[in-house]
Structures are given as structure tokens and as C-alpha cells.
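What the coordinates show
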Amino acid sequence: MQTKPRWSLPGSVVTSSLILMGGIGYMAMATPPSTTPAPSDSAIQNLQQSGQAFAAIAKKLSPAVVSLKVEKKAANESIGGLPGDDQSNPLNDELLKRFFGDRMPEQFRQRQAPQQRHAVVGQGSGFVVSSDGYILTNHHVVGDTTKVTVKFSDGREMLAKVVGSDAQSDVAVIKVDATNLAIVPMGDSSKTEVGEWVLASGAPFGLTQTVTAGIVSAVGRNSVGITNYENFIQTDAAINPGNSGGPLVNMHGEVIGINTAIFSRNGGSVGLGFAIPIDMAKQVYEQIVEHGSVVRGYLGVRIQPLTQDLAEKFGLNDHHGILVGEVQKGTPGDKAGLKQADVIVELDGKKIEEAAAFRNAIAMKSPGSRVNLTVVRDGQRITVPATLDKLPETANVVAESAAKPANSWGFSVQTLTPDLAKKFGYSQDSGVIITEVTPNSPAADAGLEPGMLVQQVNRRSVHSADEFNDAMQQDAKSMLLLVSNAQGSRFLVLKPSA
């Protein structure tokens, strides 16, 4: 039995009536006049108009939103299923894990003994974007499938082929052999605003032609951990397993996102749904249709968020922009003249606020594209033009530093020797290796680890332990370190314990 959540209304006011008893016998209890005004005709009409708008959009969407049944082979694995249900269970293991994670309900856990190869059947959604049969959906719905069946609202079923599927954005394109199909018009997700009404359509749990309503809760969500390239629209419109791949539309009936995932502790919708912005999906769609796969732009620099502490150490008035921690040799960034410690504040005239947004923007550009980077270097604002290359399979477009800046120090170092450089995989021939970090110290909490290479202290290169110790003895409230490890270089601001 599930315990229903208890809800409270912060800031609500509970009013009470005061009944006076007095005199001889009793006084009649008079019912106070209601202070709640009766709904006006205009208010009722507004609600009716909203309902009519939802109904009109749902009716318009219906012919172009499809239900997908997918099959793929699984080798020597047991099948998870609902009690009493066999291979046809629409909630296959992959989708269940996507929504439930490690908290998969017991009734969905694997209950069968290992079997030989068999077809795993799953459900998902999609929507038609061209009258000749191209359909957008999610990679996690149709990736690695052997058979995809598309079902339309009028009952027609057609086999579809997978044109291309991109795991890094979770966007896929399939196609049916048909003409004169109804389509969902694409909108402009960059104009989506928090608070506006949206509808989510799809086939949750295999129930076709389901529509839910909600609002846009947030835009530009990244670091969610769902895909490599994230810029999600967050909504409280109910999204459930099987909704994946369906459209999220605005009140003009235009698709602004692809329903992709939810956060949930029990598998049900709790108002935290995420959709891929259609602007990103369109770019992936166009490349898949043209090339069969996605080719991304490549700059070849390692970037990190510009914190307030870092901004102060670099003499900047604010912390808007991103910091270049490393420029990889021979890459487009290196050829363009980008330097370590550059602060990128604009890309093609648009302000850069977050590292993830910059990474996405570079990735979505085609190799050979020319970009103009506005950079602050040593207090001077300059423009650095760069021509992007093709992203190598083993490289990142730009890499964000996931470690957090330290807030104190408490570690020892040793001069880098050729043997140590070989042991830890460093190509540099100077610097100091962190040999010890005191357990439970501020340095340990900050992420400093033995084996990291310290190259600079307060923008001054250090070549030995003596130089490092001299630099760290400066009478300063904080220290700016440039450190490296196997993932690359980044800047850290160290502050002493209070």
C-alpha cells in the first residue's frame, strides 16, 4: 500500500467564525454572509475558452502523434515483466530503469529464469514532422531496435525504418513509407518562457493519444545527467513511461520540445518532466536526414565556470563568462590563438553565461563553421575568430571541469621528476606533484588529490617544491592555483580556514 503524500499550503490563512452565546437561554447562531464572490460570467467564459483551446490543440495534434512499438534482441537475459504478462509488456527493462533507476518497484523486477535469445518489446511515442513520413522520437526508444511499428490515431499501423539515432542528444529519426501525412508544426523553443502553458502528448503505458497540461517550470536545464548535451525544458505537465518521444507543444499548437524523462522516486509523475528543446532537435534531425548521423563542431579547449572568486583573482568586475583552463595543442582553439586563462564572454555576439550552454552551441555548429569569440585577456576585451573542426570520436567539443574549487589548503608537494611525470602521465617537465592531502581537511573536501600537478601559483609558474612553498607563503587571503590531472587543467582558488 502506498502512503499518500501530505500536502501543506505555506502562507495560507485559516479563518474561523466566532459564535457568541449569552442572555437568557441561547442566541440564534446567525450564518455570516459569504465573503467569496460568486463567479462572474466573464470568469466562467475565460475557463471555458481555455478548455476549448486545449481541446482544439489536442484535436489538431491527434493525427500527427504516433504510438511506437519497438522490438530488439536480447541475449541470454531474463525478462522483467508485470505479473501475468509475458513478452508483450510495454514497460521493458530499459525504459523502467530510465524512469525508476535503482528504485524499481518489486513487481517490475526480473522474475523469470535466464532464457535464450528473445525479442524485448517496448513502447514509446513520436510525432510526424514531414508529410512524406519522417518522425521524431527519442534515441532511448528506438536505438538498437530490430523492428519499429508505428500506430496512428486512425488505427493504421506501419513498419518504420530507423534513419538515424543520436545517443548524445537522445534524438532519433524514423520514417514510414507514406504520403500526405498530418504533421506537428515546429515552433521556436528559444522564445519559450517560464510560466507559459504547454501540453504533453504521447502514449504513456501504451495508452494512445493521451494529453496532459501544465506549465513551463524552467528552461535551460543542464547537468541533469540524462544526455551529454543538455538544455532541457522543465515542465510539470505529466510525463510517464511511454510518453518518451512525444511532443511538448505551446498554446499555438507548435512543438517546442520532445518529452524525454522525468525525475521520480516512485515511477510516477511528480511534476518534474524534461523535454529536449525543438531548436536542438531540429539541428540533429537535419543532420540525420542529410548524413544519417550527427557531426559536431570541435574547438578543443577545456573550460570551467567563472566563479566569483576566480573573477576577483583575474581582476574582473563580474563573473559572467567561462574560463579557459587549457587549450589543446593543434586544435582549432590553439590555431585561433586562444590562451589559457582567457575568459570567453560572447559567442557570435551572444553573451555566454554557462559553460554547458557554450559547449552545446559549439557542438551544434557544423565543422568548418567560423565563430567569433569575444574574450577578456589581461583586462582587455578582444575578438578571436576560430574555424571549427570535426569532433574526433575520442574527444570532447569542450570539456567542463567538474571539480569544485578548494576553499583552503592543507597538502604537501614534491618537485616533478621525469619518473614522476611518466608515472602520472604528464608531458610537462616542470611543476610540483601533490604527494599528500590530509584526510578530512578542507583541501580533501575540495577535491585536491595526490597525483595532481600544480603548475602555477597566483599566475606565476612554479618549477620546484621550493618555488611552490615560497609562493604559498605570500601574505594573501587566497591563492590562485593552476592544477592538472588526467582530465586536463583548471584553476582553483584556495582560501584558508576561517
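Quick caveat, the model's predicted, so the values are computed rather than measured.

So, about the confidence of the model for the chain. Looking at the chain as a whole, its pLDDT mean stands at 76, while 73% of the residues score no less than 70. Confidence over residues 104-116 falls short of pLDDT 50; this stretch has 36 contacts with residues more than four positions distant or in other chains.

A grouping of Phe-263, Val-270 and Leu-272 is seen on the molecular surface, where their side chains present a nonpolar patch of about 240 Å² in accessible area. Mapping Val-270 onto the fold places it in the loop between strand S11 (255-262) and strand S12 (273-277).

Attention shifts here to helix H7 (residues 355-363). The element H7 is largely enclosed, with a buried count of 7 among its 9 residues. For H7, the full list of buried residues reads Ala-355, Ala-356, Phe-358, Arg-359, Asn-360, Ile-362 and Ala-363.

Grouped together as the largest cluster of nonpolar side chains are 47 residues, with contacts concentrated most on Leu-136, Val-150 and Val-176. When residues of this core are assigned to their parent elements, the largest contribution, 6 residues, is made by helix H4 (residues 278-291). Leave out the neighbours within four places in its chain, and Leu-136 touches Gly-126, Phe-127, Val-129, Val-171, Ala-172, Val-173, Met-186, Gly-245, Ile-258, Ile-278 and Tyr-285.

Attention now moves to the pattern of salt bridges. All told, the structure shown has 7 salt bridges when counted by the stated rule. As a salt-bridge pair, Asp-154 and Arg-156 come within 2.9 Å of each other at their nearest N and O atoms. The class of Arg-156 is partly exposed, set by a relative accessible area of 39%. With a shortest N-O distance of 3.4 Å, Lys-365 and Asp-348 are connected by a salt bridge. Here Lys-365 is found in the loop between H7 and strand S18 (370-377), whereas its partner Asp-348 is found in the loop between strand S16 (343-347) and strand S17 (350-351), with 17 residues between them in sequence. What makes Lys-365 partly exposed here is its relative accessible area of 25%.

What follows deals with unusual backbone geometry. The phi angle at Ala-341 is positive, at roughly 85 degrees, despite the residue not being glycine. Relative to the assigned elements, Ala-341 resides in the loop between helix H6 (332-336) and S16. One non-glycine residue, Arg-459, lies in the positive phi region at around 70 degrees. Here Arg-459 shows up in the loop between strand S24 (453-457) and strand S25 (460-461).

Cut-offs and rules
Residues numbered from 1 in each chain as written. Predicted model: local features only at pLDDT ≥ 70, side-chain atom pairs only at ≥ 80, totals over all residues. Heavy atoms only, no water. pLDDT = per-residue confidence, 0-100. Contact = heavy atoms within 4.5 Å. Patch = residues over 30% accessible without salt bridge, like charges linked within 9 Å, V, L, I, M, F, W, Y side chains within 5 Å. Areas by Shrake-Rupley, 256 points an atom, 1.4 Å probe, with all protein chains shown as cover. Salt bridge = Lys/Arg side-chain N within 4 Å of Asp/Glu carboxyl O. Helix = DSSP H or I, 4+ residues; strand = E, 2+ residues; numbered from the N terminus. Buried < 20%, exposed > 50% of the residue type's maximum accessible area, 1.4 Å probe, protein only. Core = buried A, V, L, I, M, F, W, Y, C linked by side-chain atoms within 4.5 Å.

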